[in-house]
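# Structure assessment
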Amino acid sequence: MNGNNSDRPRRSVRATGPGIAIALTAIVCATALLFRTPLRSRYWAWRITQTDVVAERAVYLTSLCNVGDAGRWGTRVLLAHEVAELRQHGVVVLQHVRTAWSRRKLLQMLRDRDQTVRELAALGLALHGDAAVIPDLCEMFVTGDDTAASAACVALERLGTP
């Protein structure tokens, strides 16, 4: 040893750089795996909004219906869209998702400005067959505007409960 530090092993900044990159890549991959279905649902909703080909829309709509509650991100995109036809697609997805979240959204869609959206939401509530929405529908029937009251009436009729 001649007294200088050249014989000592040095920690290289370059050696830790790849380790950090690998760790960050692993975190990003794990996050993508964890959120893959919500991310895919958002992509499917985007594809539905971008295509006019009915068969292609059907493929993406079916995919959204099949993932159920995990497709909330994509379903929200459709429900908030300015085009009524795309909101109708969102309501069709809600008809296949049997959760409290979907029933709340269906109740909200009874107030939509488009008549077909309202009718699909009423049908969705009937398909769910959950009598727990009856008080909300009754309140909407009494206090809502004409279109919401009409949609609530249709939903109550289609529920078929006493």
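As the structure is a computational prediction, the values presented were derived from the model and not from experiment. (Residues numbered from 1 in each chain as written. Predicted model: local features only at pLDDT ≥ 70, side-chain atom pairs only at ≥ 80, totals over all residues. Heavy atoms only, no water.)

## Things to note about the overall build of the protein
Rule in force here: Secondary structure elements follow DSSP: runs of H or I of four or more residues count as helices, runs of E of two or more count as strands, with numbering from the N terminus. Only C-alpha atoms enter the radius of gyration; for comparison, a globular chain is expected to reach 2.2 Å times N to the power 0.38, where N is the number of residues. When a residue's accessible area, from a 1.4 Å probe over protein chains only, is under 20% of the maximum for its type it is buried; when over 50% it is exposed; and in between it is partly exposed. Accessibility throughout is a Shrake-Rupley quantity obtained with a 1.4 Å probe, and a residue counts as covered only by protein chains that appear here. Charged-residue counts in this description rest on Lys and Arg as positive and Asp and Glu as negative, His and the chain ends being excluded. We put the charge of a Lys on NZ, of an Arg on CZ, of an Asp on CG and of a Glu on CD.
Each helix and strand in the protein was counted, giving nine helices and zero strands. Written out in order from the N terminus, the α and β elements of the protein read α-α-α-α-α-α-α-α-α. For 162 residues, the compact-globule formula gives about 15 Å, and the C-alpha radius of gyration of the protein, at 25 Å, lies well above that figure. Burial statistics for the protein: of 162 residues in total, 37% are counted as buried. For the protein, the computed accessible surface area is about 10,100 Å², with 57% contributed by carbon and sulfur atoms. Counting 20 positive and 15 negative side-chain charges, the protein places the averaged centre of each group 15 Å from the other.

## Examining the nonpolar core
In summary, soluble globular proteins display a tendency toward joint burial of nonpolar side chains. Here is the rule we go by: What we call a nonpolar core is a set of buried Ala, Val, Leu, Ile, Met, Phe, Trp, Tyr and Cys residues that are connected through their side-chain atoms within 4.5 Å. Should any heavy atoms of two residues lie within 4.5 Å, those residues are considered in contact.
Within the largest apolar cluster, 21 residues are counted, with the highest numbers of intra-cluster contacts made by V91, L110, L125 and L137. Those residues in contact with L125, other than ones at most four positions away along the chain, are R103, L106, L107, L110, D130, V133, L137, A155 and L159. Y60, C65, L78 and V97 belong to the second largest nonpolar core, which has 11 residues in total.

## Quick look at helix α6 (residues 100-109)
Taken across its 10 residues, α6 has seven buried, putting it largely inside the fold. By the burial criterion, the buried members of α6 are W101, S102, R103, K105, L106, L107 and M109. In this structure, the buried side of α6 is in contact with α4 (72-79), α5 (84-96), α7 (115-128) and α8 (134-143).

## Observations concerning the side chain of D114
What counts, and what does not: Note on definitions: salt bridges are taken to be side-chain nitrogens of Lys or Arg within 4 Å of carboxyl oxygens of Asp or Glu. A 3.5 Å cut-off defines polar contacts: any pair of N or O atoms within that distance qualifies, except that in protein one atom must be a possible hydrogen donor and the other a possible acceptor, and neighbouring residues in sequence count only when both atoms are side-chain atoms.
Here D114 lies in the loop between α6 and α7. We note that D114 is buried and unpaired, the nearest opposite charge coming from R87 at a distance of 5.3 Å. Engagement of the side chain of D114 in a polar contact is seen with the backbone nitrogen of V117, the distance being 3.0 Å. Excluding anything up to four places from it in sequence, D114 contacts A84, R87 and Q88.

## Observations concerning the packing of aromatic side chains
Defined as follows: Ring pairs are drawn from Phe, Tyr and Trp, using the six-membered ring of Trp, whenever the two centres fall within 6.5 Å, and their geometry is named by plane angle: stacked under 30 degrees, edge-to-face over 60, tilted for the rest.
For the structure shown, the criterion picks out two aromatic pairs. An angle of 35° between the planes, with centres 6.0 Å apart, marks the rings of Y43 and W46 as tilted. Separated by three residues within a single helix, Y43 and W46 lie in helix α2 (residues 36-50), roughly one turn from each other. Seen in terms of ring centroids, Y43 and Y60 are 6.3 Å apart; in terms of plane orientation they differ by 90°. Their pairing is edge-to-face. Of this pair, Y43 sits in helix α2 while Y60 sits in helix α3 (residues 54-67), placing them 17 residues apart in sequence. Three or more aromatic residues joined by ring pairs form one cluster here, namely Y43, W46 and Y60.

Limitation: the analysis is restricted to geometry and does not speak to function.
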